[in-house]
Amino acid sequence: MVKHWWKALGVLLVIYTLTVGMLIPLRPGITAVSPSSVRTGEQITIQVAGYNSNFKKAQDSIRAWLKLDNERAIAAQSISVKDDQSVSLIFDIPEYLPVDQRVQDMTLVIDNDADGASLLPSAVFVTQDSIDPEMGQQVWKNADISNLNDKKGITFPFRNILGETIRNTYFHVSLWLAMVSIFIISFANSINYLRDPLPIYDYKAKAYTRSGLLLGILGLLTGAIWAKNTWGQYWSWDVKQNMTAVSLLIYMAYFILRSSLTDSEQKARIAAVYNIFAFVALIPLIYVIPRLTDSLHPGAGGNITFGSQDLDNTMRMVFYPAIIGWFLISVWISKLQYRMDIIHARIWNLDDED
Amino acid sequence: MKSKGEIWHLLRKDFLLEFRTGYAISGIFLYLFGTVYIVSRAFQQIKPESWNALFWIIILFASVNAVTKSFVQESNQRQLYFYSIANPIAIIISKIIYNILLLLALSFLTWGALSFMTIDPILKPDVFSLTLLLGSIGFSINFTFISAIAVKANNNATLMAILSFPLVIPVLLLLVKLTAISIGLVAQDITNDILLLLGIDLLLLAMTLILYPFLWRD
């Protein structure tokens with residue numbers, strides 16, 4: 001039992017990912033405002049739709065602002081709560097804004113003691129009838145955004161467009177990272193085979209490639225579902241989607257190559273050579289080309305997956321265990337497969353001796 | 001240097017064989033002109049975008065055919081003989097150089113034939129020539145190596161396509177992009193793409209040189 005602790009750990013981590021990743025609620029957020037485009041010099045009533053919010057419960061402590069930039073904001077004149085998910089705010093938009101653009105976007109900030117502060121960037125677009133930054137400076141009634149409340153309890157961040165699908169980070173992204181690690185193990189076993197042609201290295205390389213392929217297909221499927229919900233369609237011909245499809249084709253070709261060779265020693269050697277060549281040829285596919293091209297994926301043109309601000313500490317508490325969990329489970333699956341191969345080989349040898 | 005001489009002799013042997021039989025080259029060129037003829041008859045009028053796509057599709061299939069042919073022409077016994085007298089690295093390098101020259105000729109001929117029968121949309125011939133050179137190098141390394149693998153599996157032509165097409169996609173994407181630049185469809189600096197293409201070519205070459213010695217022993 002002591003020897004198998006990592007299998008138990010893998011199962012536990014996957015269960016942890018499934019339960020904690022699915023059950024922890026999202027932080028309250030703002031999903032929509034209407035109207036989202038206003039003119040200067042109006043008194044406007046903005047209907048705000050909240051998500052997971054408790055406007056009714058925290059009725060007396062609600063405060064709201066339209067934020068121009070980090071220093072300047074205007075406060076809501078009056079606030080009336082309809083229910084937990086909707087509130088209407090009345091703002092006085094001044095005649096002039098202290099900016100020299102015709103259309104200025106403003107961020108909506110709502111704060112109360114039950115939900116903490118939530119914000120919607122570029123919630124309202126203000127169109128100026130005439131532009132005069134100096135007049136804007138004079139009529140501007142600045143409101144300080146201070147003493148913001150914090151949300152109590154453990155939550156995942158709320159992000160616009162993503163919404164609940166942010167949980168897919170624990171599946172799509174971590175499956176992908178686990179796949180890369182599994183392919184690295186397979187690659188290392190192929191190198192080992194060429195240095196020292198023992199059948200065990202070939203069994204291992206084959207088994208790990210197979211699990212890696214499984215993880216890749218799962219990563220592609222979870223990604224497609226995520227894309228349907230955020231980008232609007234399952235397949236958008238995004239550069240990373242294409243490159244992933246190509247890399248899966250390369251690894252499927254590995255199995256076709258194996259099945260077209262008959263001599264087992266030759267099969268093992270040529271498969272190892274192809275596996276090494278394919279892995280190295282993959283590097284430009286998944287790490288170089290996506291960085292040079294525009295992508296719908298976050299972090300295009302720089303980071304591989306996403307920027308540091310996309311993961312908060314609560315998400316890290318599930319994200320890293322998820323990677324390790326998927327990785328350990330795949331190692332276990334691979335191990336079962338290559339042990340089967342060893343047993344097969346032994347049975348065949350026994351037959352030969354008879 | 002000994003291996004330099006070996007490469008030279010092997011190259012000379014490949015060219016001599018080709019000049020004497022003319023089987024591979026004439027077959028490929030016939031294939032090429034046939035395809036170009038069909039394409040230009042089927043597309044009455046070709047837009048520069050379609051020209052780009054057609055050009056690379058023709059080149060892709062012609063190259064696979066060309067490189068596969070260059071490996072099968074030798075019988076197993078003769079290959080064994082070469083391996084016993086020459087260094088495997090010299091063998092693969094000579095094959096790659098031979099295929100680069102073959103594919104270069106093929107690319108420029110396709111360019112000429114396609115321009116003759118349809119249109120010549122290339123505005124920057126210098127960029128396009130560089131693209132063809134780097135493309136021939138990339139295709140040659142990739143296809144030569146994969147055909148060395150496919151030869152072991154009874155030279156299965158389907159296997160050749162299955163194994164090499166996914167691997168050649170990064171190179172092909174960059175080539176299509178560079179061609180679009182030289183047609184004038186996209187205005188962009190080419191330095192990055194050229195360097196990337198060169199990088200991929202070198203990476204593939206390095207892998208081929210490291211791995212080929214493990215392949216030929218049979």
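All values derive from a computational prediction rather than experimental measurement.

A. Layout of the pattern of salt bridges. Here the structure, examined in full by the defined rule, presents ten salt bridges over all chains. Here R72 of chain A makes a salt bridge to D69 of chain A, at a shortest N to O gap of 2.7 Å. Since its relative accessible area comes to 22%, R72 of chain A is described here as partly exposed. Using a relative accessible area of 25% as the deciding quantity, one classes D69 of chain A as partly exposed. One salt bridge in this structure joins K206 of chain A and D341 of chain A, with 3.3 Å as the shortest N-O distance. Residue K206 of chain A is found in helix 4 (residues 199-230), and its partner D341 of chain A is found in helix 7 (residues 313-353); the two are separated by 135 residues along the sequence. Across the pair, exposure class does not vary: K206 of chain A and D341 of chain A are buried alike. Taken together, the salt bridges that share partners define one network made up of K13, D14 and K95 of chain B.

B. Fine view of the interface of chain A and chain B. Listed by partner, the interface residues are 25 residues for chain A and 25 residues for chain B. For the chain A and chain B pair, buried surface summed over both sides reaches about 2,400 Å², with 84% attributable to carbon and sulfur atoms. Contact with chain B buries surface across chain A, with R269, V273 and F277 of chain A losing the most and accounting together for 26% of the total. Here chain A and chain B share zero salt bridges between them. Inspection of the chain A/chain B interface yields two residue pairs in polar contact (both at pLDDT 80 or more). For the side of chain A that touches chain B, the elements supplying multiple residues, two or more each, are helix 5 (239-260) and helix 6 (264-292) of chain A. By residue class, the composition of the side of chain A that touches chain B is 22 nonpolar, two polar and one charged.

C. Just a nonpolar patch on the surface, in detail. Residue and element names in this part refer to chain A. On the surface, a cluster of nonpolar side chains totalling about 560 Å² of accessible area is made up of L214, I217, L218, L221, L249, M252 and I333. Elements with a contribution of two residues or more to the nonpolar patch: helix 4 and helix 5. In terms of residue count, helix 4 provides more of the nonpolar patch than any other element does, four residues in total. Residue position: L249 is located in helix 5. Overall, the relative accessible area of 44% leaves L249 in the partly exposed class.

Reading the values: the criteria
- Residues numbered from 1 in each chain as written.
- Chains lettered and ligands numbered in written order.
- Predicted model: local features only at pLDDT ≥ 70, side-chain atom pairs only at ≥ 80, totals over all residues.
- Heavy atoms only, no water.
- Salt bridge = Lys/Arg side-chain N within 4 Å of Asp/Glu carboxyl O.
- Buried < 20%, exposed > 50% of the residue type's maximum accessible area, 1.4 Å probe, protein only.
- Helix = DSSP H or I, 4+ residues; strand = E, 2+ residues; numbered from the N terminus.
- Contact = heavy atoms within 4.5 Å.
- Buried area = accessible area lost by both parts, 1.4 Å probe.
- Polar contact = N/O pair within 3.5 Å; in protein donor to acceptor, adjacent residues only side chain to side chain.
- Nonpolar A, V, L, I, M, F, W, Y, C, P; charged D, E, K, R; others polar.
- Patch = residues over 30% accessible without salt bridge, like charges linked within 9 Å, V, L, I, M, F, W, Y side chains within 5 Å.
- Areas by Shrake-Rupley, 256 points an atom, 1.4 Å probe, with all protein chains shown as cover.

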